[in-house]
Amino acid sequence: MKRLFLAVLLGSATLAAPAMAQDVTITNAKLVLGDGSAPIEGGTVVVRGGRVVSAGRGGAAAGGRTIDAGGRYVTPGLVAGFTRLGIVEVDGVSTTNDASARESVFNAGLDIASAVNPRATPIAINRTDGITRAIVAPDNGGSIFAGQGAVIDLGNDMDAVTRGQAFQFMEWGEAGARAAGGSRPAAMAMFRNALFEAQAYARNPASFADRGKEALLTRADAQALQKVLTGQVPLLIHVERASDILGVLALKREFAGLKPVLVGASEGWTVAAQIAAANVPVLASALSDLPASFEQLAATQSNIGRMKAAGVVVGIGMIGDDEARQARLVRQYAGNLVALSKVPGASGLDWGAAFATISSLPARTIGMDGEIGSLAPGRRGDVVIWDGDPLEIGSAPTQLFIDGVEQPLTNRQTRLRDRYLNPAEQGLPKAYQR
Amino acid sequence: MIRTLTMVALAAGLVACTGDGKPVRSASADAGKDKAPGAGKGYDHDPFPSTYRPYPGRATLVTNVTILDGEGGRIDGGSVLFRDGKIVEVGQSIAAADGVTVIDGQGKWVTPGVIDVHSHLGDYPSPGVDAHSDGNEMTGPVTAEVWAEHSVWPQDPGFARALTNGGVTTLQILPGSANLMGGRSVTLKNVYGRTMQAMKFPGAPYGLKMACGENPKRVYGSKGRMPSTRMGNIAVDRATWLKAREYDRKWDKYETEGGEAPSRDLAMDTLRGVLDGEILVHNHCYRADEMAIVMDMAQEMGYKVTAFHHAVESYKIADLLKARGVCSAVWADWYGFKMESYDAIGENLAILDQQGACAMIHSDDANGIQRLNQEVAKVIASARRAGITVTPEHAWTWLAINPARALGVDKVTGSLKPGKMADVVLWNGDPFSVYTRPQMVWVDGALLYDANNPKLRPVSDFELGQPGEGDVK
């Protein structure tokens, strides 16, 4: 099964590597590999055929275009963990918002890849800030199961989906309880029942009685959950409260194939040892520090630092945080985690570790760190040259490559800016100025 | 214009409070038939007076720091001295007198406390459960009679976060934007109190929250009532102002000439306060074209808009806003969450400022208020890429004196000037760097946060006995 999956993946990779991919060597870089290590002075990265060929100290140009980074930061493109990029244009305009489908009879079977619009304005806006890939999840409607998520690139082309049906997303805790009918036990019952139905489906797909609207699980949903049961795809679970997190770890013991990934996890630090022992990765909200709900009472910005110290694999996710548009804030959030290392009593991260929370680690939580999120031979050719420290607020990309293709760094906002730098009209109305 | 308004407003505040803080109970509506109570004295304008008292502080001298004074001034390697709750001196070198606590600020920066002109802490507190949802009186498009201070829950854990992570020392709590006239705002010192009154900024004028655009028309249109369109918004506004002018005339007449007291109307009291320049208008508005209409309406009805809030399209009419003397309180990078925020750009604040229009940062958010310094850093960077140079000392005006002016408290806070409240933040580095956090925060000279002292981490009642109590947050 896995082999088949890989074959599919490689197939789509071939398709996704556009003809415009350049062979590029970037020299004289303050090179960040994205694997948690410190930046390397005088680094070189070579991209050929849309993939990284080599990255490290020294090394000469290897044919094709050569760019002298002039000692500036060169990093892997950022991976935004847990977003809704590309599936929403304007949140408040429902016709442009494909995140959730409350009226649908389907849930786990929904495939968000079909909603991804590479021309949604947040794609270019986030690309301009250094994001090259995003984990995109549907939002739930009338079920704890939201559907199948995707990993996308933010390239300026129509081929955005890096991996469709990359994971299942589920609401747990308060939101799960609400969706299931009003309580946590109701969510648990819905979860178990759905998995049992999916098991029944797996035993004999042909005889699975799809009862349509009356069914507790449709055929399409059962198919999708089958992949969750077998561990073919990870199950991303939004969970905040410590007791709910422990409940998820118990589910992992009960359903042997399950590959849970915690999303949010505000109280994760209080049970960090258990999370680490269960080998469950986390896409955590970086700066949540308010008891915004009763399931986040212990929230602190030190959450990620403490979980990391306990051995948890943790990247930054953006759930509930303008994730359809502001995934670009992950950079600022990672910088803030470095700031915490100077605050007495707080747990922060060193620079390299903080950078990894927005590059290799989110990719690793869903098993894609071999493809994206770091500069190592064989990885996608997603490379960014910065005008300063990429975790510092004032910095921005000066050049950005996705799959080895150099990308435009303009967007609707930069166009509006250029039109209105001088707000007064000159000769003709603003509508003529472009 | 703003300055005039401010002075009027402050004067009004002082009139309402005697030196010992006891409210003046002016002649009320049941005064004798023929006696004129005097202008502005027909009824009590301060029935919920501030009981805020500064906490004791030590005379403190911070030396060897980079100082941004909040009004555009900067001193490298300078010193700040405060005593008895007030700034005493700011200069290159200040001698330490006996009994003064000296803090060597090597490598650190000092600024006036951050002022957030747009917050809902307390009226949309954490935890955000339905029982705490007290920010929008969504039962009618005009609720000028409600006062945000009557919703403020002084135990909101958000106040502590704003202080310790954000260096926020003063903040305005506004009603929400569901209504055209959402009610009065209140300005608070960011010091926990058992009561709202204990947090209330002494002498600060009230604000009136108004809103244009999508929210009022959506909320009331969906209930099948007016307004359901933008033109409906303005029609209801104007009709209401006409009533307010009549109310104002009647009370002016009564207060100066005596006779039968007109009947009281709490909503009209608020609008009368606006017409008299005693209450400042804070107008939620996104689109440039709508702001232009509101400014004309204000002129027609005889009041002034102090600041447009959110104002994501202010950059399109920076010249117009400058000409009318209206401020814009904006985010750095919010966009696209609804149609009227679609044209937001990161250079909004910088373009306004460059064009000479009054501008400032604001949060409108319990998380954003913890990083307003970083939000300004975003603006500085966007501006630089657009070819606009903004110095750090100038940028701090967007966090200090400009919001202080918009709140009418600039005579007493908002900059490090002798005699002003010692609302001071010592940052552990350049406050426009992502790597910097507050080291110490003083409000009126009292040390209320010290990163090195866990006992100086405020813990609201709500968080007491809960997981994470007293943790760094």
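Before any of the text, the structure's been laid out above.
Engineer: Lay out the interface of chain B and chain A with the relevant residues and their values.
Structural biologist: One frequently used descriptor of interface size is the decrease in accessible area upon assembly of the parts. Opposite the 48 residues of chain B that make contact, chain A presents 44 residues. Secondary structure elements with two or more residues in the side of chain B that touches chain A: helix H2 (157-164), helix H7 (318-324) and helix H9 (372-385) of chain B. Residue contributions to the side of chain B that touches chain A peak at six residues, all from H9(B). Looking at the side of chain B that touches chain A residue by residue, the classes come out as 22 nonpolar, 14 polar and twelve charged.

Engineer: Explain the sheet that holds strand S13 (residues 359-361) of chain B residue by residue, including any values.
Structural biologist: All names here are of chain B. The sheet built from eight strands is open, its strands ordered S6-S7-S8-S9-S10-S11-S12-S13 with mixed pairing. At either end of the open sheet lies a strand with only one pairing partner, and these are strand S6 (114-119) and S13. On average, adjacent strands in this sheet sit at an angle of 25° to one another, irrespective of strand direction. Of the strand pairs in this sheet, strand S8 (residues 181-189) and strand S9 (residues 207-211) are connected by four bridges, and their pairing is antiparallel. Paired with Gly183 across the strands is Lys209, a residue of S9.

Engineer: I'd like to hear about the nonpolar core, residue by residue, with values.
Structural biologist: One finds A:Val45, A:Val74, A:Ala80, A:Ile237, A:Leu262, A:Val330 and B:Val376 to be the most contacted residues of the largest nonpolar core, which totals 265 residues. Split by domain, this core shows at least three residues from each of two domains, domain 1 (1-76 + 374-409) and domain 2 (78-372) of chain A. Ignoring sequence-local partners within four residues, the contact set of A:Val45 consists of A:Ile26, A:Ala29, A:Leu31, A:Val52, A:Ala55, A:Val74, A:Leu375 and A:Val383.

Engineer: Summarise the packing of helix H4 (residues 230-257) of chain B against helix H5 (residues 266-275) of chain B; cite the residues concerned and give the values.
Structural biologist: Residues and elements named next belong to chain B. Where H4 contacts H5, the axes come no closer than 9 Å and their chain directions differ by 80°. Judged on the interaxial angle alone, H5 and H4 are roughly perpendicular. Mapping the contact onto sequence places Trp241, Lys243, Ala244, Arg245, Tyr247, Asp248 and Trp251 in H4 and Met268, Leu271, Arg272 and Leu275 in H5. In terms of residue class, the contact of H4 with H5 is built from seven nonpolar, no polar and four charged.

Engineer: If you had to explain unusual backbone geometry to someone new, which residues and values would you point to?
Structural biologist: Look at the link from B:Ser126 to B:Pro127: it is a cis peptide, with omega at -5°. Here B:Pro127 lies in the loop between S6 and H2. Cis rather than trans, the peptide bond between B:Met226 and B:Pro227 has omega equal to 0°. Summarising the element assignment, B:Pro227 is placed in the loop between helix H3 (214-221) and H4. Unusually for a residue other than glycine, A:Phe82 sits at a positive phi of about 50°. Positive phi, close to 65°, is recorded for B:Asn64, a residue that is not glycine. Assignment of secondary structure puts B:Asn64 in strand S1 (residues 60-68). A tally of 16 C-beta atoms within 10 Å means that B:Asn64 is categorised as partly exposed.

Engineer: Describe helix H9 (residues 330-340) of chain A, listing the residues and the values that go with them.
Structural biologist: Among the eleven residues in H9(A), eleven count as buried, and that is most of the element. Burial in H9(A) covers these residues: A:Val330, A:Arg331, A:Gln332, A:Tyr333, A:Ala334, A:Gly335, A:Asn336, A:Leu337, A:Val338, A:Ala339 and A:Leu340. Buried-residue contacts for H9(A) involve strand S6 (78-83), helix H8 (303-309), strand S13 (314-317) and helix H10 (351-356) of chain A together with H9 of chain B.

So, how was this worked out
- Residues numbered from 1 in each chain as written.
- Chains lettered and ligands numbered in written order.
- Predicted model: local features only at pLDDT ≥ 70, side-chain atom pairs only at ≥ 80, totals over all residues.
- Contact = placed C-beta atoms within 7 Å.
- Helix = DSSP H or I, 4+ residues; strand = E, 2+ residues; numbered from the N terminus.
- Nonpolar A, V, L, I, M, F, W, Y, C, P; charged D, E, K, R; others polar.
- Pairing = 2+ DSSP bridges.
- Axes fitted to C-alpha atoms, helices over the stretch in contact; angles between N-to-C directions.
- Core = buried A, V, L, I, M, F, W, Y, C linked by C-beta atoms within 7 Å.
- Buried ≥ 20, exposed ≤ 12 C-beta atoms within 10 Å, placed from the backbone.
- Domains from an automatic or database assignment.
- Parallel < 35°, antiparallel > 145°, perpendicular 65-115°, else oblique.

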